[in-house]
Amino acid sequence: MSISKEVVEKHGLTQIEFQKICELLKRAPNLLELGVFSAMWNEHCSYKSSKIHLKNLPTKGKVVVQGPGENAGVIDVGDNQAIVFKVESHNHPSFIEPYQGAATGVGGIMRDVFTMGARPIANLNSIHFGSPDHSKTKNLLNGVVQGIGGYGNCVGIPTVGGETHFDESYNGNILVNAMTVGLANKDKIFYSKASGIGKSVIYVGSKTGRDGIHGASMASAKFDNKAEEKKPTVQVGDPFTEKLLLEACLELMQDDSIISIQDMGAAGLTSSSVEMAAKGKLGIELNLEKVPCRELNMTPYEMMLSESQERMLIILNSGKESKAKKLFEKWNLDFAIIGKTTNTKNLTLKFNNKKVGEIPIDLLSNKAPLYNRKWSKTKLPKKNSKSKNLNKIKILDSLKRIISHPNICSKEWVWKQYDHTVMGDTIQKPGSDSGVVRIHKTNKGIASTIDTSADYCSAHPLTGGKQVVCESWRNLISVGAKPLAITNCLNFGNPEKQKNMGEFVECVNGIAEASKYLDYPVVSGNVSFYNETNEKSIKPTPAIGGVGLIKNIDKMITMNFKKKNSDIYVIGRTNGHLDQSIFAREILGEKKGPPPEINLFNEKNNGTTLLELIDKNLILSAHDISSGGLLIAIAEMCIKGKIGALIKKPKTLINPIEYFFSEDQSRYIVEINNDNVENITNILNKNSVFFEKIGNTQENNLFIQDELDLSIDEIEKLNNSWFRKYIN
Amino acid sequence: MKISIVVTLKKEVLDPQGKVIQQTLQNMGEKAVFNVRQGKYFELDLNENNYEKAKIMAEEICKKLLANLVIEDYKIMDNS
Amino acid sequence: MKISIVVTLKKEVLDPQGKVIQQTLQNMGEKAVFNVRQGKYFELDLNENNYEKAKIMAEEICKKLLANLVIEDYKIMDNS
Amino acid sequence: MLSSVIVFPGSNCDRDMAVALEKFGFKNSMVWHNDTELPKTDLIVLPGGFSYGDYLRCGCIGSKSKIIEKVIEFANKGGLVLGICNGFQILVEAGLLPGTLLRNKYLRFICKDVYLKIKNNSNTFYSKFKKDIIKLHIAHNEGNYFVKNDELKKLQDKNQIAFEYCDINGEVSESSNPNGSINNIAGVFNDNQNVLGMMPHPERMIDKYLSGNDGSLFFNNIKHKLSI
Ligand SMILES: Nc1ncnc2c1ncn2[C@@H]1O[C@H](COP(=O)(O)OP(=O)(O)O)[C@@H](O)[C@H]1O
Ligand SMILES: [Mg+2]
C-alpha cells in the first residue's frame with residue numbers, strides 16, 4: 001500500500017518530514033512504520049520545537065543524581081535516600097473528558113516515578129480553567145477535580161498541594177498538570193537504558209486495547225470545534241490496576257531481575273521500546289502476536305500505537321523470567337515475553353513470525369527533526385502612570401473583593417476531595433505554602449509546591465519565567481525547607497507562531513536564569529504546545545514544581561499565626577508595584593503594564609536569611625507574599641491561625657493602597673516573639689536584608705486605623721465561600 | 001411517562017469494573033460468564049405522554065448530560 | 001448469549017445522584033423532567049444459549065454479587 | 001499481643017495500620033486476602049483503601065475473598081475484628097455488621113478532620129476514653145451509613161452505636177454530619193460488640209506531627225482492654 005498525502009497529514013507529519021523519512025529509510029515506509037515515525041517524530045516525543053531552547057536550562061548541581069532525559073528527575077536527600085519527581089500535562093484529554101483525562105494524567109505521572117524504583121509519597125496538581133462564567137467551566141472543574149481525586153485516592157498517594165486558577169484564556173483549552181514525588185534508595189534507581197543482547201523484553205500490566213490510538217499526536221494538535229467528535233482518543237483509567245502494578249514493580253525491584261524498565265506512556269509500546277533501545281544503543285525485536293490484547297484481531301499498527309494505560313515494558317536479566325511471571329500473576333497482572341534485545345540497532349517488528357516493519361532506531365530518535373523556529377521578543381511594557389486616583393479606593397472594599405476572588409480564595413473545596421493524609425506522613429496539608437510529607441520513619445520532611453504566574457508571563461515572558469521559579473523557591477522557604485531542585489511543565493500555544501514561540505523561548509530563558517542563580521536546577525520536565533482553540537492561544541503558562549528538604553521536622557514552619565501579641569515583620573522591600581497585580585486587574589480594571597521586577601540577589605539573600613532565622617528557631621510563622629500582596633498574606637495568616645492582627649499604615653510616602661496591594665517580589669511576612677527582636681534584627685542587618693515591623697498579632701480582628709476592622713470569622717467566610725456558591 | 005436509558009462505555013474503551021466483576025465471578029465458580037460490561041441506567045420521569053416525543057427529549061438529555069460521546073454510547077429503552 | 005441486568009436502588013433509599021441530575025437538568029432548562037433515578041446496568045456474556053437457563057444463572061449472580069439486596073433491586077431484561 | 005492486618009488487592013492503609021499497631025505494642029502480621037489460614041492473633045484489622053478499586057460496590061468484592069470465611073469464624077467465636085473505612089465496608093458486605101455504606105450525600109470524596117462523640121463505653125474494644133469527644137480523620141467517598149428504621153432501633157437498644165459525628169462541643173447535628181449518615185453514625189458494633197466498623201482513621205492521628213493525636217487514645221484503649 002502506498003502512502004497518500006492525506007495519510008501523511010493524518011499522522012501529523014508534514015510532507016517535508018515525510019520526504020525526510022523516505023530519504024533516511026532509502027525507501028517509503030509502510031503504514032505501520034509510518035505510524036511509528038509519526039509517534040516518535042511528534043512534538044510530544046521528539047521535542048522538535050523546544051529542544052534547542054531547553055538546552056539553556058541548568059540541570060546540574062550538587063544534589064542532582066539524574067537530570068532530564070529519564071522518566072523523572074532524581075535528587076539526593078542524604079542517608080542514601082533519593083527523591084524522584086516530575087510533572088506532566090494532560091490538557092487536551094481533560095478538555096474532552098475531564099474525569100478520565102485528569103485521572104489518566106495522574107496515573108501517567110505516577111508510573112513515570114515508580115518506574116524508577118521510587119514509591120510515590122506525594123501528588124500535586126496545577127489546574128487552570130476558563131472564566132467561571134464560561135458555560136463549560138463548572139463541568140470541567142467538577143470533572144477534573146473528581147478525576148484527580150478518583151485516581152490518586154484509590155492508589156493511596158496523598159495529594160498535598162497544587163493550585164487552581166481561572167482565566168478566560170483557558171476557555172477553550174484547560175490545563176491539567178499533575179506532579180508526583182517519590183522516594184527511592186539512592187543506590188537502587190532504575191533507568192530505561194537497555195543493555196545486553198538477547199535479553200527478554202517483557203510486557204506487564206493491563207491488556208492493550210484500541211483506545212488512545214494517536215493520543216500523542218492529539219496532544220500536539222490544536223483544537224477546532226470538531227475536536228470533540230474525534231474517535232475515542234481518551235482512555236479510561238484503572239487506578240486499581242495501577243496500584244497492583246506499583247506494588248508488583250516495587251516487589252520485583254527488590255532483587256536484580258531488572259536491567260531496565262520504562263512505562264508505556266504517550267505513544268505506548270513504540271516510544272517505550274524505541275527509547276530503551278536508543279539509550280542502550282541496541283536493537284530490539286518485538287513479536288507482536290505475543291502482546292496481551294483486550295480485543296480480537298488487533299493489528300500490529302494498533303498495538304504499536306495504542307495508549308492503553310497501566311502498562312510497563314521491562315528488560316530482564318537472563319533466567320529471571322519465570323520468577324517475574326509468578327510475581328505478576330500473584331498480582332493478577334498480565335505478563336508476556338514479547339521480544340528480545342538485539343545487536344542490529346533496528347526496531348524489528350514481527351507478527352506471527354513475519355517481519356512487518358523494520359526501522360533503524362537511530363532514525364526514530366537522534367535523526368528526528370529539530371526546528372529552530374522563528375520567534376519574536378516581547379518588549380517590556382511601559383508602566384501605567386499613577387494618575388489613577390487611588391485615594392478614592394477603600395482598603396476595606398478592596399480586601400473584601402480580593403480575598404474572595406476565585407483565584408485568591410481558599411481552595412479547600414478542591415483539596416478536601418483529595419485524600420491528603422493517606423500514608424500517615426502528611427505533616428503539612430494543602431492550603432499551606434508547600435505540602436510537606438515526612439520521610440517514613442525518619443525525622444526528615446520533603447516539601448513540595450507547584451506554581452504558575454500566567455499573567456506575569458503573558459505581560460513579559462522573561463520576567464514571568466524568572467518569577468515562577470522564585471515563587472516556588474519562596475513557597476519552600478516559607479515552610480522552612482531548603483529548596484533543592486525543580487521540574488517544569490511548559491504549557492504554551494502554537495510554536496509555529498512567532499509570538500507563541502517567543503513566549504516559550506523567553507520564559508525558558510527566564511526560568512534558566514533564575515534557577516541557575518538560585519542553584520535550583522531543573523531535573524525533569526515536559527512541554528505542552530498547541531494549547532489553542534480556533535487560533536486563540538492560552539496565556540504562556542510554565543508550571544514549576546519545586547522540591548525542598550527539611551532536615552529536622554521539628555523546625556518546620558507553618559503560616560498560621562501562633563499567638564497574640566507577637567510582632568509581625570515584613571522581610572523584603574515594598575515598592576508599590578501595582579501593574580499586573582490582582583488589584584490592578586480586579587479593582588482598577590487595568591490589564592496593561594509590566595509585571596513586578598525580579599531582583600535575583602534580593603531573592604536569594606532574603607530567602608537564605610529567612611532560612612537561617614528558621615534554623616535558629618527564631619520564627620513562629622512565615623508566609624510568602626504572592627498574588628494579592630501584603631494585606632492578603634496577613635489576612636491568610638490570620639484565617640489559618642484564627643488570630644487577628646493590628647496593622648500600621650506605612651510611615652513612608654508610599655500610598656497605602658500601593659503598600660498593601662502591590663505585588664513586589666521577594667517578600668515574606670513573619671511572626672516573631674518580641675523577645676527575639678534584637679537577635680533577629682541583628683541577623684537581618686548583618687545580611688543587609690530590608691525589613692520592617694508592620695504590626696502585632698491580637699485577638700479576633702484584623703485592624704488598620706481608620707481603614708478596617710474585620711473579624712477573622714468574617715474574613716474567613718469571604719475567603720472560603722466562593723467555590724461552594726459557584727458549584728451549587 | 002417514564003423513560004429508561006442505558007449508557008455504556010464504547011466497545012473499544014476499557015471497562016475496569018466489568019473486568020474485575022468477571023474475574024470475581026470466575027473465582028466464585030461462575031465459569032460460564034466470560035465477559036462482563038458495566039454501564040449506567042437512568043429512569044427519567046417526564047411530563048410528556050407521547051413516547052416518540054419523550055424519546056426525542058431523552059436523546060437530547062443524553063447528548064447534553066448523561067453520556068460523554070467521546071467514550072460512551074447511550075440507548076433509549078423501548079416503552080414497556 | 002448476552003444477558004442484560006439492571007440494578008436499581010429500592011424506592012425507600014435516597015438516590016442523591018439521581019437528584020443532582022434532575023436538578024442539573026432543571027438548571028439546563030429541561031423543565032419537563034421531574035424525577036430521575038440512577039442505577040447500574042450489566043451485560044453478561046454467558047456460555048449458555050437457552051434464555052431460561054441463562055436467566056436463572058443471572059438471577060443467582062445478582063443475588064450473590066451484583067445487587068446488595070438490603071438497598072437494591074435487580075431486574076433481568078428480556079431477551080431481545 | 002498479636003494483631004493481623006488483612007491485605008486486599010487495593011488496600012492502601014494496610015501499612016499505616018501496621019505502623020500504628022506496632023507503635024502501640026502489637027506484634028503484627030500481614031495476611032494476604034487469598035490465604036486460607038489466619039495466624040494466631042488477638043485482633044484482626046481490615047484496613048482502609050480501595051479493595052478491588054471499590055468497583056461494583058465498595059467492599060463488596062473484598063468480602064468474597066477466601067480469608068473472609070476465616071474472619072467470620074474468628075468473629076463468631078468472639079474474636080476482636082476491627083474494620084476501618086474500606087474495612088468497615090467489607091465487614092458490612094460480609095454480613096458481620098448491619099446496614100450499608102452509601103455514597104456521601106454530596107457525592108464527593110471527603111478528606112478532613114472530624115469530631116466524634118463516643119457513644120459506648122463498655123465494649124470489648126475500649127473501656128474508658130479520657131475524653132468523650134475525640135478528633136479523628138475521615139477520607140472516603142462512601143461513608144453514608146444507612147439502616148432501615150427497625151434495625152436502627154435495634155442498634156440503639158443494644159448499644160451498638162460506637163461513634164457519632166459531632167462538632168467540637170459534642171453537638172450532634174445535621175451540620176456536623178459530613179456524609180449524610182443516618183443519625184450521624186460513624187461506627188457500629190455487632191450484637192456481641194466484638195466486631196467494630198468505623199469510617200474514621202485512628203491510624204492517621206498517632207503522633208504530634210500529624211493533625212492530631214487522638215488515634216493514640218484509641219489504640220491505647222484497645223491495648224488496655226486486651227491486656228485485662
Ligand atoms: N488543585 C489543588 N490541589 C491541591 N491543593 C491545592 C489546589 N489548589 C490550591 N491548593 C492549595 O491551596 C494553597 C494556596 O494556593 P495558592 O494561592 O496558589 O498558593 P501560593 O500563592 O502559596 O502558591 C496551595 O498551596 C495548595 O496547598
Ligand atoms: Mg505561598
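Residues numbered from 1 in each chain as written. Chains lettered and ligands numbered in written order. Predicted model: local features only at pLDDT ≥ 70, side-chain atom pairs only at ≥ 80, totals over all residues. Heavy atoms only, no water.

### Notes on the overall build of chain A
Keep this limit in mind: Where helices and strands are cited, they refer to DSSP runs of H or I of at least four residues and of E of at least two residues respectively, numbered from the N terminus. The quantity called the radius of gyration is restricted to C-alpha atoms. Its globule counterpart is 2.2 Å times the number of residues to the power 0.38. Only protein chains enter the calculation, and the probe is 1.4 Å; a residue is then buried if its accessible area is under 20% of its type maximum, exposed if over 50%, and partly exposed in between.
Helices and strands together make up the secondary structure of chain A, namely 26 helices and 28 strands. For 728 residues, the compact-globule estimate of 2.2 N^0.38 gives 27 Å, and the C-alpha radius of gyration of chain A, at 26 Å, lies within 12% of that figure. Judged by the C-alpha coordinates and their principal axes, chain A covers about 85 × 50 × 45 Å. The burial tally for chain A puts 66% of its 728 residues in the buried class.

### As for the interface of chain A and chain B
We apply this condition: Any two residues whose heavy atoms approach within 4.5 Å at even a single point are treated as in contact. Buried area, as used here, totals the accessible surface that two parts lose on assembly, with accessibility defined by a 1.4 Å probe and the loss added over both. Should a side-chain nitrogen of Lys or Arg be within 4 Å of a carboxyl oxygen of Asp or Glu, the pair is scored as a salt bridge.
In this assembly, 18 residues from chain A lie in contact with 13 residues from chain B. Summed over both sides, the interface between chain A and chain B buries roughly 1,300 Å², with carbon and sulfur atoms accounting for 59% of that surface. Inspection of the region where chain A meets chain B yields 1 salt bridge. Its salt-bridge partner being A:Asp238, residue B:Lys19 comes within 3.8 Å of it at the nearest N-O pair.

### Structural notes on the site of ligand 1
Residue and element names in this part refer to chain A. Threshold: A cutoff of 4 Å decides nearness: a residue is near a molecule or strand if any of its heavy atoms lies inside that distance of it. Two N or O atoms form a polar contact when they lie within 3.5 Å of each other; inside protein one atom must be a possible hydrogen donor and the other a possible acceptor, and for residues adjacent in sequence the pair counts only when both atoms belong to side chains. The Shrake-Rupley method, run with a 1.4 Å probe sphere, supplies the accessible areas, and residue values consider only the shown protein chains as cover.
Taken together, 18 residues sit near ligand 1, with Asn125, Thr164, Gly431, Ser432 and Asp451 positioned nearest. Within the backbone of Gly431, a nitrogen or oxygen atom sits 2.6 Å from an oxygen atom of ligand 1. Interatomic distance of 3.4 Å between a side-chain N/O atom of Asp433 and an oxygen atom of ligand 1. Considered on its own, ligand 1 offers 550 Å² of accessible surface; in the complex 89% of this is hidden by protein. Looking at the shell around ligand 1, the elements that each hand over two or more residues are β4 (119-129), β5 (159-166), α16 (412-415) and α18 (461-477). It is β5 that provides the largest number of residues to the shell around ligand 1, a total of 4 residues.

### Focus on the state of the cysteines
Residue and element names in this part refer to chain A. Note the cut-off: A pair of cysteine sulfur atoms is labelled a disulfide when the two atoms are within 2.5 Å.
Scanning the entire structure with this criterion turns up 0 disulfides over all chains. Of all cysteine sulfurs, the one in Cys489 lies closest to Cys45, which takes part in no disulfide; the gap is 15 Å. Cys507 provides the cysteine sulfur closest to Cys489, a residue in no disulfide bond, and the two sulfurs are 13 Å apart.

### Some details on the interface of chain C and chain B
A common way to state how big an interface is: give the accessible area lost once the parts meet. Here is the rule: Strands qualify as paired when DSSP identifies two bridges or more between them.
Each partner contributes residues to the interface: chain C has 29 residues there, and chain B has 29 residues. Roughly 2,800 Å² of surface becomes buried between chain C and chain B when both sides are summed, with 66% attributable to carbon and sulfur atoms. If you look at where chain C meets chain B, you find 2 salt bridges. Measuring nitrogen to oxygen at the nearest pair gives 3.1 Å for the salt bridge that ties B:Lys64 to C:Glu30. Our count for the chain C to chain B interface comes out at 12 residue pairs in polar contact (both at pLDDT 80 or more). Secondary structure elements with two or more residues in the side of chain C that touches chain B: β1 (2-9), α1 (16-27), β2 (33-46) and α2 (51-66) of chain C. Here the side of chain C that touches chain B takes 14 residues from β2(C), the largest share from any one element. When strand β2 (residues 33-46) of chain B meets β2(C), the two strands line up antiparallel, connected through 13 bridges. Paired with B:Gly39 across the two strands is C:Tyr41, which belongs to β2(C).

### Quick look at the relation of the copies chain C and chain B
This is how the line gets drawn: Superposing the copies works by least squares over the C-alpha atoms of residues that have pLDDT at least 70 in both of them.
Between chain C and chain B, which share one sequence, the superposing operator has a rotation angle of 180° and an axial displacement of 0.0 Å; the RMSD is 0.2 Å. Classification of the inter-copy transformation places it as that of a two-fold axis. Taking the C-alpha atom as reference, chain C places C:Lys40 closest to the rotation axis, 2.4 Å from it. Looking at chain C, 100% of its interface residues are interface residues in chain B too, so the copies touch through the same face.

### Considering the pattern of salt bridges
Summed over all chains, the structure comprises 61 salt bridges over all chains. The residue A:Lys539 makes a salt bridge to A:Asp455 at a minimum N-O spacing of 2.8 Å. Of this pair, A:Lys539 sits in the loop between β20 (536-537) and β21 (541-550) while A:Asp455 sits in helix α17 (residues 454-459), and the two are 84 residues apart along the sequence. Looking at A:Asp455, the relative accessible area reads 22%, which means it is partly exposed. Taken together, the salt bridges that share partners define one network made up of A:Asp425, A:Arg438, D:Arg15, D:Asp16 and D:Asp207.

### Looking at the sheet that holds strand β16 (residues 445-451) of chain A
All names here are of chain A. Stated formally: The convention used is that axes are lines fitted to C-alpha atoms, helices contributing only their stretch in contact, and that angles between N-to-C directions extend from 0 to 180 degrees.
Taken together, 6 strands build an open sheet; the order of strands is β14-β15-β16-β21-β17-β18 and the sheet is mixed. The strands lining the two open edges of the sheet, one partner per strand, are β14 (426-428) and β18 (522-528). When strand polarity is set aside, the average angle formed by the axes of neighbouring strands in this sheet is 20°. The pairing of strand β15 (residues 435-438) with β16 spans 4 bridges and is classified as antiparallel. Looking across to β16, one finds that Arg438 is bridged to Gly445. Running over the sheet, α18 touches β16, β17 (482-491) and β21 and is turned about 150° from β16. Of the strands in this sheet, β17, β18 and β21 touch helix α19 (residues 498-517), which is tilted by about 175° from β17.

### Some points on the packing of aromatic side chains
Quick reminder of the rule: Planes of paired rings set the category: under 30 degrees apart is stacked, over 60 is edge-to-face and the rest tilted, where pairs are Phe, Tyr or Trp rings (Trp by its six-membered ring) whose centres lie within 6.5 Å. Note on criteria: charge over ring means Lys NZ or Arg CZ within 6 Å of the ring centre, with the direction from the centre no more than 35 degrees off the ring normal.
All chains considered together, the criterion is met by 25 aromatic pairs over all chains. Ring centres of A:Phe492 and A:Phe504 lie 5.2 Å apart, and the angle between their planes is 85°; on these two criteria the pair is classed as edge-to-face. Taken as a pair, A:Phe492 in the loop between β17 and α19 and A:Phe504 in helix α19 lie far apart in primary sequence, 12 residues in all. We classify A:Phe504 as buried; its relative accessible area is 0%. Through pairs of rings, three or more aromatic residues link up here, namely D:Phe24, D:Phe125, D:Tyr126, D:Phe163, D:Phe189, D:Phe218 and D:Phe219. The ring of A:Tyr726 has A:Lys138 lying over it, and the distance from NZ or CZ to the ring centre is 5.3 Å. We note A:Lys604 situated over the ring of A:Tyr517; from NZ or CZ to the ring centre the distance is 5.4 Å.

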